[in-house]
Amino acid sequence: MKEKTLNFIEPETSVKVLKVTGQKSSRKRILDMGLTPGTRVEVIRRAPLGDPVEFKLKGYNLSLRKKEAETVLVEIIE
Amino acid sequence: MTEKITVALAGNPNVGKTSIFNAITGSKQHVGNWPGVTVERKMGKRKHKDIEMQIVDLPGTYSLTAYSLDEIIARDFIIEEKPDIVVQVIDATNLERNLYLTTQLMELGTKLIIALNMTDLALAKGDSIEVQKMQEFLEVPVISTIGSRGGGIEDLLDSITEEIHRTRTNENVFVYDGEIEKSADELGNVLADDPYYSHYPSRWFSMKLLEGDENIIKKAKESGNYPQIRKILQRTDADSFEAKIADQRYKTIQTMLRQVCNINTDHLSGSDMVDRVVTNKYLGIPIFLSLMWAAFEVTFTFATPFMNIIDIFFGWLAETASDVITISWLASLVGDGMIAGVGSVLIFLPNILLLFFMISLMEDSGYMSRAAFIMDKVMSKIGLHGKSFIPLIMGFGCNVPAIMATRTIEDSRDRLITILIAPFVSCGARLPVYVLLAGAFFGRDAGIVIFGLYALGIFVALISAKLMRSTIVKGEDTPFIMELPSYKIPTLKGSILHMWERGKIYLKKAGGIILIGVVGIWLLASIPAPGSGGTFASEEIYGTTDSMIGFIGQIIEPLVAPLGFDWKIAVALMFGVVAKEIVVGSMGVLYGVGDNEDSLTEILAAGAMTPLAGLGLMVFTLLYVPCFACIGVIKRETGSWKWTVFQLLYGTGLAWIFAFVLYQVGSRIGLFA
Ligand SMILES: Nc1nc2c(ncn2[C@@H]2O[C@H](COP(=O)(O)OP(=O)(O)O)[C@@H](O)[C@H]2O)c(=O)[nH]1
Ligand SMILES: [Mg+2]
């Protein structure tokens, strides 16, 4: 089982959310945006300068800075 | 009798709320600010079937957690003002996340109607949604709409008029697991005991307490039976509840979606394809820069002829007025004061209209988020959000529309800092000052000097942002959690409307301040200096030693002497607050060469001022008090005189320090001597 934080996932990889940690307010927002445990997330790409990172989940696209992505614990699917 | 009701339009950002608002209200709308804050409030009226509706376009929100100012406003409006009906606009191509807000609106117990918008795009994508089933599941009316084309608006209005007289109880469509429900019930009982809570929907309040919503807990602390509430809350594990509640809301939504729609997931959307190019590792930045360049050109090059027309027209009007009016002081007041004042308000209008047209295209198409995505890395270095980049860049053309463009930045602290540093970005009006002075003093090296000034402006802006972030506008960097909405084709009507609104706001809110400033300077230049014996508003004294402004200039000369400036420069700088390019013209008058720039260059080059002081003057012009128009929009956009005055003092202080160090150190080491 490979647990990692979302900032370390390479583009074009799919992962499953395990847990969201971090500061209360950003954690709440990340959950509200749908990164709840069990959700499937695909890493799409990094911005041209390397940060933020774009993800696809629940049929829409979301971007997080690496700093925020670091608070999302995930496991790689397959 | 006509009935009057209030209808609030709520929903996630970019789902088409404003399009639907425009379709419903047409031209009967009014744009202002929410009380106490500078978040935009759009209200409009519409009469349908004898019911007079007051429509409010709420700021876009993803949830009802008090996370951003926008969300607090939307939530407080629904809770405190209690609109008769809330219409939630939903993006049909993005149901799951949109319905998350629905779950919370239902807990609020308000009357709810769902406008299922963008149904054209959902259809094109190959999704099928059974509206009837959705309606049954949610127990609220669901109306299909196409906001950008006004489709379904009549149905929506019909539904509002029907729903207004119907009672429903659908607070419990979303049920949580046993443990959560049990705690919610217990809390509900405690809340029912205290009339303090009667104002709030009990179920929603309980859920928010369980989620650990800080804002709500603060409210609860004010009540007598908070100890009981705390006891219940202490038993629960807030962190796990928070995740569980969000999770179960999404689970219920998924259950419903499986029953009511068929979403085509294999489809690689047009948006994804565009993004492969537009946010591409290698192409992203060049494309961004080209688009910025194009927007800049359109805004500032296309505006030039219009600005010239305004300039010529008001020049002509002022002259005609002074010819027609025989009383000389009145002629001067009308011509040099009032008409010139109105002219200096209107001169910015072409820039503002064009820039907001471009910004509206970028926002409505969805490109604005991509721009923020691409530039965020750079802006985060100074503690700002990617969205601050575009306003700052536009500042090179003119700071006035640039400051107005900070509206696109959601976080209020990021916005404030961006407004405060924007005037340091060297605008087009400062260029004539540089060209003249650099030309007179540095000849062939003028280009390097001018480039250096632009660089200094950027440097000061960046350092100031960083400084303010860690001192007066403290706080952690706002988390960057931004949706990249799918691309849409913007509508001409929407963009024109947006541009027109901005223009109106500028004229109404900033126009007065500019006018007062310009007339104020006219007065100072026209009132005779004490003991000079000159006549009020006569041509002989206007702006000279014999006028008040000259008098003040001489009084403050000791203040600017350490910078190598004399009183004439002090006066020219005071005039420069009307518009920075005026510094040059005023110097011409004060050095007795009139409007002739060539003679001014000669006088300066012949030693009226040292090159070092000339450089100092350029630096000072770059950094000190921005023009009245800029001051007007800073006030309007920060909503605070305190911050406006802060900007003026901070900028002028910096200008003084830079020019002081330059002159003092420079003259000691013999720089440019
Ligand atoms: N295709 C399509 N585009 C729409 C529809 N409704 C709105 N739009 C477009 O979506 C973009 C965002 O709309 P807007 O009303 O500003 O959304 P708001 O942020 O919720 O106020 C604009 O470019 C609109 O023209 C719709 O039903 N169909
Ligand atoms: Mg809107």
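Residues numbered from 1 in each chain as written. Chains lettered and ligands numbered in written order. Predicted model: local features only at pLDDT ≥ 70, side-chain atom pairs only at ≥ 80, totals over all residues. Heavy atoms only, no water.

### Let's talk about the overall build of chain B
Then comes step 1: Per the secondary structure count, chain B includes 30 helices and 10 strands.
Then comes step 2: Projected onto its principal axes, the C-alpha coordinates of chain B cover approximately 90 × 55 × 55 Å.
Then comes step 3: Split into buried and exposed, the 673 residues of chain B put 56% on the buried side.
Then comes step 4: Sequence-distant contacts in chain B: of pairs separated by 6 or more residues, those separated by 24 or more amount to 72%.
Then comes step 5: Accessible surface for chain B amounts to roughly 28000 Å². Of this, 61% is attributable to carbon and sulfur atoms. (Helix = DSSP H or I, 4+ residues; strand = E, 2+ residues; numbered from the N terminus. Buried < 20%, exposed > 50% of the residue type's maximum accessible area, 1.4 Å probe, protein only. Contact = heavy atoms within 4.5 Å. Areas by Shrake-Rupley, 256 points an atom, 1.4 Å probe, with all protein chains shown as cover.)

### A look at helix α28 (residues 611-623) of chain B
Residues and elements named next belong to chain B.
Then comes step 1: Look at α28: 19 Å from first C-alpha to last across 13 residues, which is about the 18 Å you get at 1.5 Å a residue.
Then comes step 2: Counted residue by residue, α28 has 12 buried out of 13 residues, so it is predominantly covered.
Then comes step 3: Residues Leu612, Ala613, Gly614, Leu615, Gly616, Leu617, Met618, Val619, Phe620, Thr621, Leu622 and Leu623 constitute the buried set of α28.
Then comes step 4: Contacts from the buried residues of α28 go to α21 (431-442), α22 (446-470), α25 (567-576), α26 (582-590) and α30 (641-669). (Expected span 1.5 Å × (residues − 1).)

### A few points about the confidence of the model for chain A
Then comes step 1: Of all residues in chain A, 99% attain a pLDDT of 70 or more, and the chain-wide mean is 92.
Then comes step 2: Per-element confidence in chain A ranges from a low mean pLDDT of 87 for helix α1 (residues 24-32) of chain A to a high of 96 for strand β4 (residues 53-57) of chain A. (pLDDT = per-residue confidence, 0-100.)

### Considering the site of ligand 1
All names here are of chain B.
Then comes step 1: Asn14, Lys17, Thr18, Ser19 and Asp120 are the nearest of the 17 residues found near ligand 1.
Then comes step 2: The separation between an oxygen atom of ligand 1 and a polar main-chain atom of Gly16 is 3.0 Å.
Then comes step 3: In the environment of ligand 1, an oxygen atom lies 2.9 Å from a nitrogen or oxygen atom belonging to the backbone of Gly147.
Then comes step 4: Considering ligand 1 on its own, with 580 Å² of exposed area, one finds that the protein chains cover 89% of that surface. (Near = heavy atom within 4 Å. Polar contact = N/O pair within 3.5 Å; in protein donor to acceptor, adjacent residues only side chain to side chain.)

### Observations concerning the pairing of strand β4 (residues 51-57) of chain B
Residues and elements named next belong to chain B.
Then comes step 1: Of all the 7 residues making up β4, 6 are buried; the element is thus mostly covered by neighbouring parts of the structure.
Then comes step 2: Of the pairings in the sheet, the one linking strand β3 (residues 40-48) to β4 comprises 7 bridges and is antiparallel in character. Bridged to Lys47 within β4 is Glu52.
Then comes step 3: In this structure, the hairpin formed by β3 and β4 is closed by a connection of 2 residues, where Lys49 is found at a positive phi of approximately 50°. (Pairing = 2+ DSSP bridges.)

### Re unusual backbone geometry
As a rule of thumb, non-glycine residues mostly have phi less than zero, and peptide bonds are mostly trans rather than cis.
Then comes step 1: Note that the residue after Asp51 of chain A, namely Pro52 of chain A, is joined by a cis bond; omega there is -5°.
Then comes step 2: Along the chain, Pro52 of chain A falls in the loop between β3 (40-46) and β4.
Then comes step 3: For Asn14 of chain B, which is not glycine, the phi torsion reads 65° and is therefore positive.
Then comes step 4: For Asn14 of chain B, the position within the fold is in the loop between β1 (3-11) and α1 (17-25).
Then comes step 5: At Met118 of chain B, a residue that is not glycine, the phi angle is positive and equals roughly 60°.
Then comes step 6: Take Met118 of chain B: it is sitting in the loop between β6 (112-117) and α4 (119-125).
Then comes step 7: On the basis of relative accessibility, which here comes to 10%, the residue Met118 of chain B falls in the buried class.

### Some words on the packing of helix α3 (residues 95-107) of chain B against helix α11 (residues 238-260) of chain B
Residues and elements named next belong to chain B.
Then comes step 1: In the contact formed by α3 and α11, the axes pass within 9 Å of each other and the chain directions differ by 115°. Relative to α11, the element α3 lies roughly perpendicular. In this structure, α3 crosses over α11, and the sense of that crossing is right-handed. On the side of α3, the interface is formed by Leu95, Glu96, Arg97, Leu99, Tyr100, Thr103, Gln104 and Glu107, while α11 contributes Ala246, Arg249, Tyr250, Ile253, Gln254, Met256 and Leu257.
Then comes step 2: In terms of residue class, the contact of α3 with α11 is built from 8 nonpolar, 3 polar and 4 charged. (Axes fitted to C-alpha atoms, helices over the stretch in contact; angles between N-to-C directions. Parallel < 35°, antiparallel > 145°, perpendicular 65-115°, else oblique. Left-handed = near helix turned anticlockwise from the far one by under 90°. Nonpolar A, V, L, I, M, F, W, Y, C, P; charged D, E, K, R; others polar.)

### Remarks on the nonpolar core
Then comes step 1: In terms of nonpolar packing, the biggest core is built from 124 residues, with Tyr506, Met587 and Leu604 of chain B touching the most fellow members.
Then comes step 2: Residues Met33 and Val43 of chain A together with Phe77 and Ile232 of chain B belong to the second largest nonpolar core, which totals 82 residues. (Core = buried A, V, L, I, M, F, W, Y, C linked by side-chain atoms within 4.5 Å.)

### A closer look at the pattern of salt bridges
Then comes step 1: This structure, assessed with the given rule, holds 38 salt bridges over all chains.
Then comes step 2: Put simply, Glu40 of chain B and Arg502 of chain B hold a salt bridge, and the shortest N to O gap is 2.2 Å. Taken together, the residues Glu40 of chain B in strand β3 and Arg502 of chain B in helix α23 (residues 492-526) connect sequence positions 462 residues apart.
Then comes step 3: Between Glu410 of chain B and Lys387 of chain B there is a salt bridge; the shortest N-O distance is 3.1 Å. In this pair, Glu410 of chain B sits in the loop between α19 (399-404) and α20 (412-421) while Lys387 of chain B sits in the loop between α17 (367-380) and α18 (389-394), placing the two residues 23 residues apart along the sequence.
Then comes step 4: Residue Lys387 of chain B is classed as buried on the basis of its relative accessible area, which comes to 13%.
Then comes step 5: One connected set of salt bridges, linked through shared partners, spans Lys28 and Asp32 of chain A together with Glu107, Lys208, Glu211 and Arg249 of chain B. (Salt bridge = Lys/Arg side-chain N within 4 Å of Asp/Glu carboxyl O.)

### Concerning the interface of chain B and chain A
Then comes step 1: Between chain B and chain A, the contact holds 45 residues from the first and 34 residues from the second.
Then comes step 2: Roughly 3500 Å² of surface becomes buried between chain B and chain A when both sides are summed, with 55% attributable to carbon and sulfur atoms.
Then comes step 3: One can count 7 salt bridges joining chain B with chain A.
Then comes step 4: When the shortest N-O distance is used, the salt bridge between Glu96 of chain B and Lys58 of chain A registers 2.9 Å. (Buried area = accessible area lost by both parts, 1.4 Å probe.)

### Things to note about the environment of Ile481 of chain B
Then comes step 1: Among the secondary structure elements, Ile481 of chain B is positioned in strand β10 (residues 481-483).
Then comes step 2: Residue class for Ile481 of chain B comes out buried when judged on its relative accessible area of 12%.
Then comes step 3: Sequence spacing of Ile481 of chain B and Gly592 of chain B is 111 residues, and the spatial spacing of their C-alpha atoms is 59 Å.
Then comes step 4: Setting aside chain neighbours within four positions, we find Ile481 of chain B in contact with Ser26, Arg29, Ile30, Met33, Leu62, Ser63, Leu64 and Glu68 of chain A together with Tyr67 of chain B.

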